[in-house]
Amino acid sequence: MLTLWGRANSSNVKKVLWLLDELNVTFQHINAGGVYGKNNEPLYLSLNPNGLVPCLQDDDFVLWESNAILRYLAERSGEEAFWPDNLQQRAAADKWLDWCSNSLTVPFRQVFLTLVRTPEAERDMSVVAAGMAAFEKYWAIADAVLAKQKWFSGEQFGIGDIPVACYADTWFRLDIERQPHPNLERWYQQLQQRPAFCKRVMLPLS
């Protein structure tokens, strides 16, 4: 039995919950972190000494770091759509997990944490402006890729789309002025046809 620890409104937990639903896997979900606590208690720290979420238990096997969990679940499933046999197809999709972490994480925190989790009187809008500029730069890269292929993972939805989508969903739902990225917008509309995306990712912004 799989057990996933982590609060459902965490971006890193969302992507794991989404993949589990796409794979139609039976699992136990334990909310942890944020208002739920637990992540600094001895039991959780014995699983993930970092005290961060998510954390996955697969019987006696324990794994933390959300992208590592995505890769593990994809390969564990044996489903071609999420872990292609073709090495190059798999690598082409897999690179987006690292791109997302290395490119989008910092601007996401700058924009989201300031606009959503910081009281208006305490907001540093220069931080938001820096995050917005970085996002637009990276979305231009993403848009150019999606001009040539339907999904980040290739011609079908796959693991490469999941982490990017969790940030993109917040981006598109924030009350901000965005530059047009038509291919990215088309891809986002496609995502909304997936029930697991709507259920696990399109939660109230908080």
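Residues numbered from 1 in each chain as written. Predicted model: local features only at pLDDT ≥ 70, side-chain atom pairs only at ≥ 80, totals over all residues. Heavy atoms only, no water.

- An unreviewed UniProt entry lists the protein under the name Glutathione S-transferase, with Rahnella variigena given as the organism.
- As stated in UniProt under Sequence similarities (unreviewed entry), the record for the protein gives "Belongs to the GST superfamily." (UniProt positions renumbered as here; feature names shortened; annotations may be inferred.)

1. Digging into the UniProt feature "domain: GST N-terminal" (unreviewed entry) in the protein
Then, number 1: When the UniProt feature table is mapped onto this chain numbering, "domain: GST N-terminal" (unreviewed entry) sits at residues 1-81.
Then, number 2: What you have in residues 1-81 is 37% helix and 20% strand, and the ends, taken at the C-alpha atoms, are 23 Å apart. (Helix = DSSP H or I, 4+ residues; strand = E, 2+ residues; numbered from the N terminus.)

2. Points about the UniProt feature "domain: GST C-terminal" (unreviewed entry) in the protein
Then, number 1: Per the UniProt annotation, the sites labelled "domain: GST C-terminal" (unreviewed entry) are residues 86-206.
Then, number 2: Secondary structure across residues 86-206 comprises 68% helix and 0% strand; the distance between its end C-alpha atoms is 39 Å.

3. Brief notes about the sheet that holds strand E4 (residues 61-64)
As a general point, the strands of a sheet are linked pairwise by backbone hydrogen bonds and lie either parallel or antiparallel.
Then, number 1: Within the open sheet, the 4 strands sit side by side as E2-E1-E3-E4. Their pairing is mixed. Across the chains shown, the open sheet's two edge strands, defined by having one partner strand only, are strand E2 (27-30) and E4. Put simply, the sheet's adjacent strands are angled 15° from each other on average, direction ignored.
Then, number 2: Across the sheet, helix H3 (residues 66-77) lies against strand E1 (2-5), strand E3 (55-58) and E4, angled at about 130° from E4, the strand it touches most. (Pairing = 2+ DSSP bridges. Axes fitted to C-alpha atoms, helices over the stretch in contact; angles between N-to-C directions. Contact = heavy atoms within 4.5 Å.)

4. Looking at the environment of Gly51
Then, number 1: Within the fold, Gly51 resides in the loop between helix H2 (42-47) and E3.
Then, number 2: Distance from Gly51 to Glu41, taken between C-alpha atoms, is 8.4 Å for residues 10 residues apart in sequence.
Then, number 3: What Gly51 contacts, discounting residues up to four positions off in sequence, is Asn39, Asn40, Tyr44 and Leu45.

5. Considerations on the pattern of salt bridges
Then, number 1: This structure, assessed with the given rule, holds 7 salt bridges.
Then, number 2: Note that Arg71 is salt-bridged to Asp98, the shortest N-O span being 3.2 Å. With Arg71 in helix H3 and Asp98 in helix H4 (residues 87-117), the pair connects residues that are 27 residues apart, well separated along the chain.
Then, number 3: Judged by its relative accessible area of 38%, Asp98 falls in the partly exposed class. (Salt bridge = Lys/Arg side-chain N within 4 Å of Asp/Glu carboxyl O. Buried < 20%, exposed > 50% of the residue type's maximum accessible area, 1.4 Å probe, protein only.)

6. A look at the layout of surface pockets
Then, number 1: Here the largest pocket is characterised by a volume of approximately 740 Å³.
Then, number 2: Forming the walls of the largest pocket are 33 residues, and the residues nearest its centre are Ser10, Ser11, Asn12, Val53 and Arg109.
Then, number 3: Elements with a minimum of two residues in the lining of the largest pocket: helix H1 (11-22), H3, H4 and helix H6 (161-173).
Then, number 4: With 8 residues, H4 is the largest single contributor of residues to the lining of the largest pocket.
Then, number 5: Looking at side-chain class alone, the lining of the largest pocket contains 11 nonpolar, 16 polar and 6 charged residues. (1 Å grid on protein atoms, 1.4 Å probe; cavity = no way out; pocket = protein on both sides within 12 Å on 5 of 7 lines; lining within 4 Å. Points joined across faces, edges and corners; volume = space filled by probe spheres on them. Nonpolar A, V, L, I, M, F, W, Y, C, P; charged D, E, K, R; others polar.)

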